Amino acid sequence: MKEPTQGTGHTPVLGDADFPGYSMGTAAQAIGVTPAFLRAVETAGLFESHRSGGGHRRYSQDDLQRADRARGLVDDGMRLDAAVRIVGLEYQLAAANAMIEILRRRLGDPPGRA
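Summarised in this report is the structure supplied together with it. Fair warning: this is a prediction, and the values are worked out from it, not measured in the lab.

## Section: the side chain of R66
Mapped onto the elements of the fold, R66 is located in helix α3 (residues 61-75). A distance of 3.0 Å separates the side chain of R66 from the side chain of D62, its partner in a polar contact. Other than its neighbours up to four places away in sequence, R66 contacts L46, F47, V87 and Y91.

## With respect to the environment of D62
With respect to the secondary-structure elements, D62 resides in helix α3. Residues D62 and F47 lie 15 residues apart in sequence; the distance between their C-alpha atoms is 9.3 Å. Not counting residues within four places of it along the chain, the set of residues in contact with D62 comprises A17 and Y91.

## A word on the packing of aromatic side chains
In total, this model carries one aromatic pair according to the counting rule given. An angle of 80 degrees between the planes, with centres 5.8 Å apart, marks the rings of F47 and Y59 as edge-to-face. Within this pair, whereas F47 is found in the loop between α2 (35-43) and β2 (50-51), its partner Y59 is found in strand β3 (residues 57-59), the two being separated by 12 residues in sequence. No difference in accessibility class separates F47 from Y59, as the two residues are buried.

## Thoughts on the sheet that holds strand β1 (residues 22-23)
Spatially, β1-β3-β2 is the arrangement adopted by the three strands of the open sheet, whose pairing is antiparallel. A single partner strand is all that each edge strand has here, and the edge strands are β1 and β2. Here β1 pairs with β3 via two bridges, running antiparallel. Bridge assignment links S23 to a residue of β3, and that residue is R58. Against the sheet, α3 makes contact with β1, β2 and β3, and its axis sits at roughly 85 degrees relative to β3, the strand it touches most.

## Side note on helix α4 (residues 80-107)
In this model α4 runs 41 Å from its N-terminal to its C-terminal C-alpha over 28 residues, within 8% of the 40 Å that 1.5 Å per residue would give. Among all positions in α4, only A83, V84, V87 and R104 are buried. Backbone geometry just after α4 places G108 at a positive phi near 80 degrees.

Definitions and limits used
Residues numbered from 1 in each chain as written. Predicted model: local features only at pLDDT ≥ 70, side-chain atom pairs only at ≥ 80, totals over all residues. Heavy atoms only, no water. Helix = DSSP H or I, 4+ residues; strand = E, 2+ residues; numbered from the N terminus. Polar contact = N/O pair within 3.5 Å; in protein donor to acceptor, adjacent residues only side chain to side chain. Contact = heavy atoms within 4.5 Å. Phe/Tyr/Trp six-rings, centres within 6.5 Å; stacked < 30°, edge-to-face > 60°. Buried < 20%, exposed > 50% of the residue type's maximum accessible area, 1.4 Å probe, protein only. Pairing = 2+ DSSP bridges. Axes fitted to C-alpha atoms, helices over the stretch in contact; angles between N-to-C directions. Expected span 1.5 Å × (residues − 1).

Spelled out as structure tokens, the structure:
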């Protein structure tokens, strides 16, 4: 299992988007891919799967959302490495936008101001 969520001191618990509650088979079935696809997107750097005490891969809801987004891009004809890069950049952009909103609130700026 991963360490606490980066920078928050929070250990993921059941119900959290980053709780590794899905086995490989369940995760693959949930998003309609093969276990090989999950291994491939992990190898390509989309995420680092969690490991159970026995060394089995475990996936979080966040991992599955990323893999499902990558699957959609691959299904649309994109190469796997390009799909993984796009999904990674989308998540970075979303995190940056969330941080901008937090900082705006702290400064008392109205939301959506450029």
